[in-house]
Amino acid sequence: MSTDSIFYTFVNFLGDMVMLIGLVFVFLGMLGLIRLPDVYNRLHTTSKIGTVGAFGVMLSILIRAGFTPIGVKAIAVGLFLLLTAPIAAHMITRAAHRHGVGLCKESVVDEYGKACGRCKK
């Protein structure tokens with residue numbers, strides 16, 4: 001077996017493993033959307049889908065395609081998602097809290113509610 005074929009086999013294996021990790025995060029995040037009780041917990045899982053899951057898939061595309069135009073586009077999309085998904089989830093959560101969307105009955109601490117109460121005075 002030549003060195004090039006071992007290298008390409010390793011790169012394909014590494015790309016497959018990163019893709020599998022990303023897809024596992026997407027799957028677990030989707031289960032969280034079904035199972036979690038309120039909008040705040042669900043937004044938490046969707047931000048994980050957007051950051052870890054999608055970034056893993058985009059990183060695997062970069063590993064398999066290399067620095068070709070499709071690989072560069074994939075990593076650019078992955079970095080964009082990595083930077084914007086947590087900020088968007090925070091803003092949606094903050095807007096929901098300010099508009100009075102309640103927490104689930106199992107939630108016992110509302111630190112943000114205390115902080116908003118101080119801001120309104």
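See the structure printed just above.
The text that follows walks through the structure, step by step, so that each part is easy to find. (Residues numbered from 1 in each chain as written. Predicted model: local features only at pLDDT ≥ 70, side-chain atom pairs only at ≥ 80, totals over all residues. Heavy atoms only, no water.)

In this section: the pattern of salt bridges. Enumeration according to the criterion identifies 1 salt bridge in this entry. For R64, the salt bridge is made with D16, and the minimal N-O distance between the two is 3.0 Å. Separated by 48 residues along the polypeptide, R64 in helix α2 (residues 39-65) and D16 in helix α1 (residues 3-35) bring together distant segments of the chain. Note on R64: relative accessible area 46%, which makes it partly exposed. (Salt bridge = Lys/Arg side-chain N within 4 Å of Asp/Glu carboxyl O. Helix = DSSP H or I, 4+ residues; strand = E, 2+ residues; numbered from the N terminus. Buried < 20%, exposed > 50% of the residue type's maximum accessible area, 1.4 Å probe, protein only.)

At a minimum axis distance of 8 Å, the contact between α1 and α2 shows a crossing angle of 165°. The angle between α1 and α2 falls in the class roughly antiparallel. The handedness of the crossing between α1 and α2 comes out as left-handed. Here the residues of the contact of α1 with α2 are counted per class, giving 15 nonpolar, 10 polar and 3 charged. (Axes fitted to C-alpha atoms, helices over the stretch in contact; angles between N-to-C directions. Parallel < 35°, antiparallel > 145°, perpendicular 65-115°, else oblique. Left-handed = near helix turned anticlockwise from the far one by under 90°. Nonpolar A, V, L, I, M, F, W, Y, C, P; charged D, E, K, R; others polar.)

For the rest of this paragraph, the subject is the side chain of S47. Within the fold, S47 resides in helix α2. Of note is the side chain of S47, whose polar atom sits 2.8 Å from the backbone oxygen of H44. Discounting residues that sit within four places of it in the chain, S47 has contacts with A85 and A89. (Polar contact = N/O pair within 3.5 Å; in protein donor to acceptor, adjacent residues only side chain to side chain. Contact = heavy atoms within 4.5 Å.)

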